[in-house]
Amino acid sequence: MMNYDLLIIGAGPGGIFSAYEAKKLNPDLKIGLFESGNSLERRKCPIDGVKIKSCINCKTCGIMNGFGGAGAFSDGKYNITNEFGGTLYEYVGKKEAIDLMNYVDQINVENGGQDTKLYCNENSHLKKVCMQNDLHLLSANVRHLGTDINYIVLENLYKQLKDCVDIHFNTHIDSVEKLEDGYRIISGDSSWTGTTCIISTGRSGSKWMGNICKSLNIKTKSNRVDIGVRVELPYAIFSTLTDELYESKIVYRTEKFQDKVRTFCMNPRGVVVSENTNGIVTVNGHSYEDPARYTENTNFALLVSNHFTEPFKDSNEYGESIARLSNMLGGGVIVQRFGDLIRGQRSTESRVRESFVTPTLTATPGDLSLVIPKRQLDDIIEMIYQLDKVAPGTANDDTLLYGVEVKFYNLEVELDKNLETCHKGLYVIGDCSGVTHSLSHASASGVYVARHLYGNK
Ligand SMILES: Cc1cc2nc3c(=O)[nH]c(=O)nc-3n(C[C@H](O)[C@H](O)[C@H](O)COP(=O)(O)OP(=O)(O)OC[C@H]3O[C@@H](n4cnc5c(N)ncnc54)[C@H](O)[C@@H]3O)c2cc1C
């Protein structure tokens, strides 16, 4: 006799939406949802900017782990597009992928997001302006929930799940065993069995996922990591883009190395934050829907994609090594003025203090050229000058660059079109599958597998 019909590991967007949809399709299902981190209200990052100014490596990270996953305190930008955020469409088809993302959007709207805005850039004149400057604006509809509304949506989803799904918080699953007719998952001295198992352990569970794949002989590959900086500048400089589009994903191919650089995670009037992935401190950004929490700055990442070929297999280790260098030199995140970088001088406390842009994150003034490899740094500088053509002022001396921002890609797990592994009844969804890298794609993958399992076939 199994404990559950369905075991779900990880309560991020992927896990939450698979539980939500499975329960909706079959209310009699017995579902166990297992999460390393805390419930939503107990998730706390100890950094208060006064007593604790930087990451102290908590056992489970309040930002990355717990109900809501890595997305809980995110900016809550749900990008409805096949152009970025994952390759779900390769498995389910382009139309189905968009339909799934729209369905997720509808649930978010019904659960607290009703007053938020859906931005669309399909017919924007800015597309042409970008193109005239060899910059390529990717198409997307973007629902911006904002960190505050995103939290409310999660609270509402939790209220609906808590009485009909067994949610086990602070339960890190150590291993997954295949049984004759299902799966056993083990956490310390405890274990649970289930007929079907969905793994949705996200980015923070990436290494863990690799070990599970090894133990169950599931094929994987890993060949990509994106490295760059977070740019912070006055809101006014980017307002032409952000007022109309909110988030603009712009891609540029550099002249020198022919590398692709892209803007990522744009936060108008937002704040720069540090984040901790497996003990490595990197940089990220947030913004709030509530005008009372607006800042005077906009921040976004500039990332260079690095694709590796044989014999190198561990692209994430490459990214981690660079992040470790910045942690070693700066004790965490390093900040540098663009003007200092161009003149080959480090930024100092006084240069940053005298800058016309006030940093929203306390970071160590330093020299990013000691950390980021020349190729990627040249790419970033070239992109900043290019962006200056559509948003004059981007290349000002006082523009702040925080480093490093690393976008780790999970290893790609070999899956069939239903996101099922070579083991019947074992599914891998969300960011830990390597198929998705975003809130809407991860959530959509959860809905998709639940429908495959319990919907009308
Ligand atoms: C600061 C920040 C801002 C972001 N902003 C955006 C944004 O605006 N828009 C966007 O599209 N994306 C954003 N992202 C990315 C987005 O959050 C992720 O793509 C998304 O959360 C992936 O969902 P997931 O369910 O696959 O994984 P996750 O959200 O990572 O959830 C996985 C969960 O599994 C748990 N877990 C891991 N291992 C185990 C284990 N062994 N046992 C039990 N539980 C385990 C973790 O604790 C975690 O809660 C942001 C990410 C961060 C960190």
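It should be emphasised that the depicted structure is a prediction, and the values quoted were computed from it without experimental measurement.

### Digging into the pairing of strand S16 (residues 280-286)
Here is step 1 of the chain: A large share of S16 lies buried, amounting to seven of its seven residues.
Here is step 2 of the chain: Burial of S16 is two-sided: the residues Ile280, Thr282, Asn284 and His286 facing one way and the residues Val281, Val283 and Gly285 facing the other way are all buried.
Here is step 3 of the chain: Here seven bridges tie strand S15 (residues 271-277) to S16, and the two strands are oriented antiparallel to one another. Paired with Val271 across the strands is His286, a residue of S16.
Here is step 4 of the chain: Connecting the antiparallel pair S15 and S16 is a turn made up of two residues, with Asn278 showing a positive phi of about 50°.

### Looking at the packing of helix H3 (residues 94-113) against helix H5 (residues 146-162)
Here is step 1 of the chain: Two elements in contact, H3 and H5, have axes separated by 8 Å at closest approach and are oriented at 95°. The angle between H3 and H5 places the two elements in the roughly perpendicular class. Contacts between H3 and H5 pair Asn108, Asn111, Gly112 and Gly113 from the former with Ile149, Ile152, Val153, Asn156 and Leu157 from the latter.
Here is step 2 of the chain: Its residues assigned to classes, the contact of H3 with H5 shows four nonpolar, five polar and no charged.

### Side note on the sheet that holds strand S4 (residues 117-120)
Here is step 1 of the chain: Judged by pairing direction, the sheet is antiparallel, and its three strands sit side by side in the order S3-S6-S4 without closing on themselves. Since the sheet does not close on itself, it has two edges, and those belong to strand S3 (77-80) and S4, each with one partner. If you compare each strand with its neighbour and ignore which way they point, the axes differ by 20° on average.
Here is step 2 of the chain: Note that S4 and strand S6 (residues 141-144) share four bridges and pair antiparallel. Its bridge partner lying in S6, Cys120 is registered against Asn141.

### Description of the domain arrangement of the protein
Here is step 1 of the chain: Here the protein is partitioned into domain 1 (4-119 + 141-220 + 412-454) and domain 2 (224-408).
Here is step 2 of the chain: Placing a centre on the C-alpha atoms of domain 1 and another on those of domain 2 gives a separation of 28 Å.
Here is step 3 of the chain: Each partner contributes residues to the interface: domain 1 has 24 residues there, and domain 2 has 22 residues.
Here is step 4 of the chain: Every element with two or more residues in the side of domain 1 that touches domain 2 is listed here: S6, H5 and helix H6 (206-215).
Here is step 5 of the chain: Broken down by element, the side of domain 1 that touches domain 2 gets its largest block of residues, four residues, from H5.
Here is step 6 of the chain: Residues of the side of domain 1 that touches domain 2, tallied by class, amount to nine nonpolar, nine polar and six charged.

### A word on the packing of helix H1 (residues 13-25) against helix H12 (residues 439-454)
Here is step 1 of the chain: Between H1 and H12, the shortest axis-to-axis distance is 7 Å and the interhelical angle comes to 30°. The element H1 and its partner H12 pack so that their crossing is right-handed. Across the interface between the two elements, Pro13, Gly14, Gly15, Ile16, Phe17, Ser18, Glu21, Ala22 and Leu25 of H1 pack against Leu439, Ala442, Ser443, Ser445, Gly446, Val447, Val449, Ala450, Arg451, Leu453 and Tyr454 of H12.
Here is step 2 of the chain: In terms of residue class, the contact of H1 with H12 is built from twelve nonpolar, six polar and two charged.

### What about the pairing of strand S14 (residues 260-267)?
Here is step 1 of the chain: For S14, the buried fraction is high: seven of the eight residues fall into the buried class.
Here is step 2 of the chain: In terms of strand pairing, strand S13 (residues 250-253) meets S14 through three bridges, oriented antiparallel. Note that in S14 the partner of Val251 across the bridge is Arg262.
Here is step 3 of the chain: Linkage of S13 to S14, two consecutive antiparallel strands, is achieved through a turn of six residues, within which Gln258 is found at a positive phi near 60°.
Here is step 4 of the chain: Where S14 meets strand S17 (residues 297-307), five bridges bridge the pair, whose relative direction is antiparallel. From the neighbouring strand, Arg262 faces S17, where its bridge partner is Leu303.

Conventions and cut-offs
Residues numbered from 1 in each chain as written. Predicted model: local features only at pLDDT ≥ 70, side-chain atom pairs only at ≥ 80, totals over all residues. Buried ≥ 20, exposed ≤ 12 C-beta atoms within 10 Å, placed from the backbone. Helix = DSSP H or I, 4+ residues; strand = E, 2+ residues; numbered from the N terminus. Pairing = 2+ DSSP bridges. Axes fitted to C-alpha atoms, helices over the stretch in contact; angles between N-to-C directions. Parallel < 35°, antiparallel > 145°, perpendicular 65-115°, else oblique. Contact = placed C-beta atoms within 7 Å. Nonpolar A, V, L, I, M, F, W, Y, C, P; charged D, E, K, R; others polar. Domains from an automatic or database assignment. Left-handed = near helix turned anticlockwise from the far one by under 90°.

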